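# Descriptive structure summary
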Amino acid sequence: MIDEIKITKAIASSFMDKFLKGIECDVAIVGAGPSGLTASYYLARSGFKVSIFEKKLSLGGGIWGGGMMFNQVVVQKSALDVLDEFGISYEEFDENHYIVDAIELAGTLIYKAVKAGVSVFNLTTVEDVMIKNGRISGLVINWSAVEMSGLHVDPMTISAKAVVDATGHDAVVCRLVAKKAGRLEIKGERFMHAEEGEKGVVERTSEVFPGLFVTGMAVAAVYGLPRMGPIFGGMLLSGKRVAELISEKLKGKARS
Ligand code: 48F
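Calculation rules
Residues numbered from 1 in each chain as written. Predicted model: local features only at pLDDT ≥ 70, side-chain atom pairs only at ≥ 80, totals over all residues. Heavy atoms only, no water. Salt bridge = Lys/Arg side-chain N within 4 Å of Asp/Glu carboxyl O. Helix = DSSP H or I, 4+ residues; strand = E, 2+ residues; numbered from the N terminus. Buried < 20%, exposed > 50% of the residue type's maximum accessible area, 1.4 Å probe, protein only. Core = buried A, V, L, I, M, F, W, Y, C linked by side-chain atoms within 4.5 Å. Contact = heavy atoms within 4.5 Å. Patch = residues over 30% accessible without salt bridge, like charges linked within 9 Å, V, L, I, M, F, W, Y side chains within 5 Å. Areas by Shrake-Rupley, 256 points an atom, 1.4 Å probe, with all protein chains shown as cover. Axes fitted to C-alpha atoms, helices over the stretch in contact; angles between N-to-C directions. Parallel < 35°, antiparallel > 145°, perpendicular 65-115°, else oblique. Left-handed = near helix turned anticlockwise from the far one by under 90°. Expected span 1.5 Å × (residues − 1). Polar contact = N/O pair within 3.5 Å; in protein donor to acceptor, adjacent residues only side chain to side chain. Near = heavy atom within 4 Å.

On to the pattern of salt bridges, then. Enumeration over the complete set of coordinates arrives at eight salt bridges. We note a salt bridge from lysine 161 to aspartate 26, for which the minimum N-O separation is 2.8 Å. You can see lysine 161 sitting in strand E9 (residues 156-165) and its partner aspartate 26 sitting in strand E1 (residues 24-30), a full 135 residues away along the chain. Where glutamate 189 meets arginine 227, a salt bridge forms, and the shortest distance between an N and an O atom there is 3.8 Å. Note that glutamate 189 is positioned in the loop between helix H6 (172-181) and strand E10 (190-192) and arginine 227 in strand E13 (residues 226-227), a separation of 38 residues in sequence. Owing to a relative accessible area of 27%, glutamate 189 belongs among the partly exposed residues under this scheme.

And the structure:
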């Protein structure tokens, strides 16, 4: 017999377990677009406890709509290894441009992140940061529905050894730190230049404030790099790069 109250208890108690596990993590990633999802997968696979916070109902960020709602994206040759790692299929368009189905890309990145053990909190908006002793030590979160409705409900705080701003063009976390803590300048994303933008986003993926790392389009916003449109190799490679940087840092700390 199906019992409605058991359904309620099962959902409430299992979500609370997930929530309590997720609020003290090694790495908290803000934004579940291509860069954040890629980073979350590589970090979880390396054994870190990872939570990802996404303000929308569905994960995937700017992947789903492809270019101008044509739901295909392009990935350049240098990022094919990442597609292979995830088992995402692609078709050669020419020697440096490969076509990927946007739905397969989004769906697989999400699936692999969840299967790698990432704790996913959708419908959750990061609205502030916690800074202690000059470094980011956590995030202030609230339900997106609270933010959208303008209800006066206080947020709550989670802790992390490292935080990743993967919020895309808005670079929300970096802007908060720049405004409230200083010591970080946001230059703002520049015009379209795909080649320069793709290269720069990977090269400048970095720790921008103690404990705060930036990946994906947020890198372009922080460093004043060009935009690049529906080519996604840079997002995947930047996500992988930020995972490597954080792994080195946290493993180094554990040794010292
Ligand atoms: O925008 P988004 O896909 O960022 P990305 O990983 O990838 C950029 C590409 O999609 C595309 C592009 C490729 O060349 O230019 O635009 O850099 O994903 C960012 C995610 O962050 C979420 C937002 O809903 C989106 O899913 N997000 C933004 N602000 C917050 C947030 C916030 N305050 N709290 C939680 N999630």
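On we go from here.
In this structure, Leu139 and Leu212 are the most contacted members of the largest nonpolar core, which totals 81 residues. Once you skip the residues sitting within four places of it in the chain, leucine 139 turns out to touch Ala28, Val30, Phe53, Val126, Asp128, Val129, Met130, Met156, Thr157, Ile158 and Val163.

Time to look at the environment of isoleucine 99. Counting through the fold element by element, isoleucine 99 comes out in strand E5 (residues 97-101). Exposure remark for isoleucine 99: the relative accessible area of 24% places this residue in the partly exposed category. Separated by 27 residues in sequence, isoleucine 99 and glutamine 72 place their C-alpha atoms 6.8 Å apart.

Among the surface-exposed residues, Ile2, Ile7 and Ile11 lie close enough to one another that they form a single nonpolar patch of about 330 Å² accessible area. As for its position among the elements, isoleucine 7 is in helix H1 (residues 4-22).

We now examine the packing of helix H2 (residues 34-45) against helix H4 (residues 102-115). Two elements in contact, H2 and H4, have axes whose closest approach is 8 Å; the angle formed by their N-to-C orientations is 30 degrees. The angle between H2 and H4 falls in the class roughly parallel. For the pair H2 and H4, the crossing hand works out as left-handed. In contact with Pro34, Leu37, Thr38, Ser40 and Tyr41 of H2, H4 contributes Leu109, Ile110, Lys112 and Ala113.

With 14 residues, H4 should reach 20 Å at 1.5 Å per residue; the first-to-last C-alpha distance of 20 Å fits that figure. Listed in full, the buried residues belonging to H4 are Ala102, Leu105, Ala106, Thr108, Leu109, Ile110 and Ala113. For H4, the secondary structure elements touched by its buried residues are H2, strand E3 (72-76), helix H3 (80-86), E5 and helix H9 (233-255). The distance from a side-chain oxygen at the start of H4 to the backbone nitrogen of isoleucine 103 is 2.8 Å, and the residue carrying that oxygen is aspartate 101.

Here we take up the site of the ligand. Taken together, 27 residues are adjacent to the ligand, and Ser35, Glu54, Gly62, Met217 and Gly229 come closest. Here an oxygen atom of the ligand and a side-chain polar atom of serine 35 are 2.7 Å apart. One nitrogen or oxygen atom from the main chain of glycine 229 is found 2.6 Å from an oxygen atom belonging to the ligand. Summarising the interface, the protein chains cover 92% of the accessible area of the ligand, which totals 740 Å² for the free molecule. Elements that contribute at least two residues to the shell around the ligand include exactly H2 and strand E7 (124-132). When residues of the shell around the ligand are assigned to their parent elements, the largest contribution, three residues, is made by E7.

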